[in-house]
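# Descriptive analysis of the structure
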Amino acid sequence: MNLGDLLVRFRERWQGLSRIQKGIAIATSVVVLLALAFLGQKLFSTPYSPLFTGLDPREAGKITEELKKEKIPYQVTDQGKMIEVPQDKVYETRISLASAGVLYNSGVGFELFDQNKLGVTEFEQQVGYQRALQEELRRTIVQLDEVDQARVHLVLPRKSLFLDDQVEPSASIALKLKPDAKLAPENVKGVVDLVTGSVEGLKPENVNIIDMDGNSLTDGLRLNDKSLNSAFQTMDRYEIRRTFEKELEYRIQQMLRQILGPGKAVAMVTADLDFDQKQMTSTSYDDGKTLSQHNLEENGSGSTAGGAPGTDSELPGSSVSAQSSTGSGSNYSKQENTTNYQVPSKQETVVDAPGSIKRLSVSVVVNGDFPQSQLQQINNVVATAIGFDQARGDQINVSSMAFDNSIQKEDAAAAAAEQAKAEAARRNMLIAALAAGTLLLLGLLIIIMRRRRTARLAEELARQEEEIEIDTEDEPLEVVQRARSREDDIKDLAQENPDEVAEIIKLWLRE
């Protein structure tokens, strides 16, 4: 079959189609051609990936100029804020642009000092250092997820020999945040710490940060800086106290749950904790050891009156005894004992850790009417469990009263209703599934029966057509009469079963 025959058959088939069928064929052909074109473009075109995003026009211009110079194909998307290059050249292009210095378009960092220049004055060197430091800080700040662009201005005064002439350095930072981004106070404090740690002698109060709306981001930080520590300490103490109270409440209720049953008791604990840190130093002395002894004894006689010499005082740690007599020809004696002791001392410093218990107050309520003896038993059990100390001022109150269980009953009723509703829904779904399965089975049975009946009718019509096809030359009159009779039979059959006959005709048309 040649091309001409194919065209003729196609023309005949096309002319045999209705107008609706022609429209459907044309629409299908257009969709197929578009899909093939799209797939071909995706399969055979060069895939592009983002090289840089969020660029400003000046940055995009310098990058595109460098890409043109390097003859690298690129695409500018996202209203000029994104530049795309072929996917297999993304990393290579970034390295090339970084080495060319295009990425640092807002200024130069410490690479400014890569080349040594002759004849540079001290002032120029100071200005160059300030520029480099500003750019290095800017590059670091823009790495934050919330920051889109940043400008850093530093004031670095020259050092003076006189204290009165010295000026403290300062820094001003302008931040452009990304859309719908907000810089948290801890992030602002992080930026302040970064700048103060990078500039010698810079104090946190001399760092000012603003956004593009002119709002100062460091004012609130300075106002809250002094009170933050005390506030955090207060919150920490509250959390510690509440955690301790919950632990005691849990222990009491678990114990009463085992004794009285679930839901029979409620316990609340209030703890007064001492968070003051105390330091106590004590010194104690023990009996000393003898280091040295000195004994002196003198005896003599004389004719002069007077007391024995050396008896006017007694020194500490020594004993002196003297005997004397007055008058002519008197005798005297002197005895002196000196003993030196080493007195040992012991010094102890005790530091009490903060968080000690000052007082505990416990309230326990049990559900029902309990005798006083049983309440006292519960009181004793709870006191032992919490480490009750009467000298500390602890208090325990155990009382009995009827609990209001209306809410629990309502919750139980609501839960039962929800469960019943869920059971009813599952039952309805099961019934619906069974009904759908039954209907589907009946539909399949009906379709199978109709197909079998249609097949039988088709066989009957085919058999009747075969009987009609006889030789018209031998018996023309009989053939015509028999044909008319068969035609009447077919009409009667069509009137009796129009649906089956219509399906048979549709099947013949499809074939």
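Nothing here was measured: the structure is a model prediction, and the numbers come from that model.

### Considering the overall build of the chain
- On a plain count of helices and strands, the chain comes out with 11 helices and 14 strands.
- Relative to its full complement of 511 residues, the chain shows a buried share of 21%.
- For the chain, the share of sequence-separated contacts (at least 6 apart) that also reach a separation of at least 24 residues comes to 67%.
- Here the chain has roughly 37600 Å² of accessible surface; of this, 53% comes from carbon and sulfur atoms.

### A look at the side chain of Asn 367
- With respect to the secondary-structure elements, Asn 367 resides in strand S13 (residues 356-367).
- Taking relative accessible area as the criterion, Asn 367 reaches 16% and is therefore assigned buried.
- When neighbours within four sequence positions are excluded, Asn 367 is seen to be in contact with Gly 263, Lys 264, Met 401, Ala 402, Phe 403 and Asn 405.

### Thoughts on the sheet that holds strand S7 (residues 265-274)
- The sheet built from three strands is open, its strands ordered S7-S13-S14 with mixed pairing. Only two strands of the sheet have a single neighbouring strand rather than two, namely S7 and strand S14 (395-401). For this sheet, the mean inter-axis angle between neighbouring strands, taken without regard to orientation, is 10°.
- Across the sheet, helix H8 (residues 372-386) touches S13 and S14, and the angle it forms with S14 is around 140°.

### Some words on the side chain of Thr 64
- Among the secondary structure elements, Thr 64 is positioned in helix H3 (residues 57-69).
- The class of Thr 64 is buried, set by a relative accessible area of 12%.
- Beyond its immediate stretch of four places on either side in the chain, Thr 64 contacts Tyr 74, Val 76 and Ile 83.

### What to know about the nonpolar core
- Core analysis: the largest hydrophobic core is formed by 22 residues, its most contacted members being Ile 252, Val 362, Val 364, Val 366 and Val 382.
- Elements with a minimum of two residues in this core: helix H7 (219-260), S7, S13, H8 and S14.
- Excluding its chain neighbours within four sequence positions, the residues that come into contact with Val 366 are Leu 260, Lys 264, Ala 265, Leu 375, Ile 378, Ser 399, Ser 400, Met 401 and Phe 403.
- Within the second largest apolar cluster, 21 residues are counted, among which are Val 142, Leu 175, Leu 183 and Val 191.

### Quick word on H8
- Between its first and last C-alpha atoms H8 spans 21 Å; for 15 residues at 1.5 Å apiece the expected length is 21 Å, and the two agree.
- Three or more residues of H8 are buried, namely Leu 375, Ile 378, Asn 379, Val 382, Ala 383 and Ile 386. One side of H8 carries all its buried residues, which in axial view fall inside an arc of 135°. Facing away from the buried surface of H8 by more than 90 degrees, the exposed residues are Gln 377 and Thr 384.
- At the C-terminal side of H8, Gly 387 shows a positive phi close to 70°.

### Observations regarding the sheet that holds strand S5 (residues 170-177)
- Ordered by their spatial adjacency, three strands build an open sheet running S4-S5-S6, and the pairing between neighbours is mixed. Either end of the sheet is taken by a strand with one partner, and the two such strands are strand S4 (147-155) and strand S6 (207-211). Across the sheet, the mean angle from the axis of one strand to that of its neighbour is 15°, orientation sign disregarded.
- One ladder, built from eight bridges, connects S4 with S5; its direction is antiparallel.

### Brief notes about the pairing of S14
- Of the pairings in the sheet, the one linking S13 to S14 comprises seven bridges and is parallel in character. Considered in S14, the bridge of Val 366 is made with Ser 400.
- A crossover connection joins S13 to the parallel S14 through H8; in handedness this β-α-β unit is right-handed.

### Brief notes about a nonpolar patch on the surface
- Among the surface-exposed residues, Leu 439, Leu 441, Leu 442, Leu 445 and Ile 446 lie close enough to one another that they form a single nonpolar patch of about 490 Å² accessible area.
- Tracing the backbone through its elements, the reader meets Leu 439 in helix H9 (residues 406-468).
- The exposure class assigned to Leu 439 is exposed, which follows from its relative accessible area of 61%.

### Overview of the confidence of the model for the chain
- For the chain, per-residue confidence averages 77 on the pLDDT scale, and residues scoring 70 or more make up 80% of the total.
- Low pLDDT, under 50, characterises residues 310-327; the stretch is placed with 36 contacts to residues that sit more than four places away or in other chains.
- Low pLDDT, under 50, characterises residues 471-475; the stretch is placed with two contacts to residues that sit more than four places away or in other chains.

### Notes on the packing of helix H5 (residues 122-141) against helix H6 (residues 185-198)
- Close contact between H5 and H6 brings their axes to 11 Å; oriented N to C, the two are set at 155°. Classified by the angle their axes make, H5 and H6 are roughly antiparallel. As for how H5 packs across H6, the hand of that crossing is right-handed. In contact with Leu 133, Leu 137, Thr 140 and Ile 141 of H5, H6 contributes Val 191, Leu 194, Val 195 and Ser 198.
- Here the contact of H5 with H6 is composed, by residue class, of six nonpolar, two polar and no charged.

### Digging into the pattern of salt bridges
- Applying the stated criterion across every chain, the model contains 12 salt bridges.
- Lys 69 is paired through a salt bridge with Glu 66; the nearest N and O atoms lie 3.9 Å apart. Highlighted residues: Lys 69 and Glu 66, both in helix H3, separated by three residues, approximately one helical turn.
- For Arg 392, the salt bridge goes to Asp 394, with nearest N and O atoms at 2.5 Å.
- What you see here is one network of salt bridges that share partners, running through Glu 135, Glu 136, Arg 138 and Arg 139.

### Observations concerning the environment of Ala 271
- The topology assignment puts Ala 271 in strand S7.
- When the C-alpha positions of Ala 271 and Asp 394 are compared, they lie 9.4 Å apart, and in sequence the two are 123 residues distant.

Reading guide: rules and limits
Residue positions are given per chain, counting from 1 as you read along its sequence in written order. The predicted nature of this model means local features are confined to residues of pLDDT at least 70 and side-chain atom pairs, given and counted, to a pLDDT of 80 or more, with totals for whole chains, interfaces and linings taken over all residues. Side-chain numbers here rest on the full set of heavy atoms in the structure, without hydrogens or water. Here a strand is any run of E in DSSP of at least two residues, a helix any run of H or I of at least four, and the numbering for each starts at the N terminus. Think of it in three bands: residues with accessible area under 20% of the maximum for their type are buried, residues over 50% are exposed, and the middle band is partly exposed, with areas taken using a 1.4 Å probe on protein chains only. Contacts were defined at the residue level, with two residues in contact if any of their heavy atoms lie within 4.5 Å. What sets the accessible areas is the Shrake-Rupley method with a 1.4 Å probe; for residues, cover comes only from the shown protein chains. Two strands make a pair as long as DSSP finds a minimum of two bridges between them. Axis lines are fitted to C-alpha atoms, over the contacting stretch for helices. Their N-to-C directions set the angle, which ranges from 0 to 180 degrees. Side-chain atoms within 4.5 Å link the members of a nonpolar core, which is a set of buried Ala, Val, Leu, Ile, Met, Phe, Trp, Tyr and Cys residues. By definition here, a helix of n residues has an expected span of 1.5 Å times n minus one. The arc refers to the directions leading from the helix axis to the C-beta atoms. Assignment of crossover handedness uses the view with strands pointing away from the viewer, where a clockwise path from the first strand over the helix to the second indicates a right-handed crossover. Patch membership requires over 30% relative accessible area and the absence of a salt bridge. Like charges are linked within 9 Å, and nonpolar side chains (Val, Leu, Ile, Met, Phe, Trp, Tyr) within 5 Å. Put simply, a salt bridge is a Lys or Arg side-chain nitrogen that is within 4 Å of an Asp or Glu carboxyl oxygen. On a range of 0 to 100, pLDDT expresses the predictor's confidence in each residue. Roughly parallel means an angle under 35 degrees; roughly antiparallel, over 145; roughly perpendicular, 65 to 115; everything else is oblique. Crossing handedness is defined as follows: a turn of the near helix away from the far one that is anticlockwise and smaller than a right angle gives a left-handed crossing, while the clockwise case is right-handed. Under the scheme applied, nonpolar residues are Ala, Val, Leu, Ile, Met, Phe, Trp, Tyr, Cys and Pro; charged residues are Asp, Glu, Lys and Arg; polar residues are all the others, including Gly.

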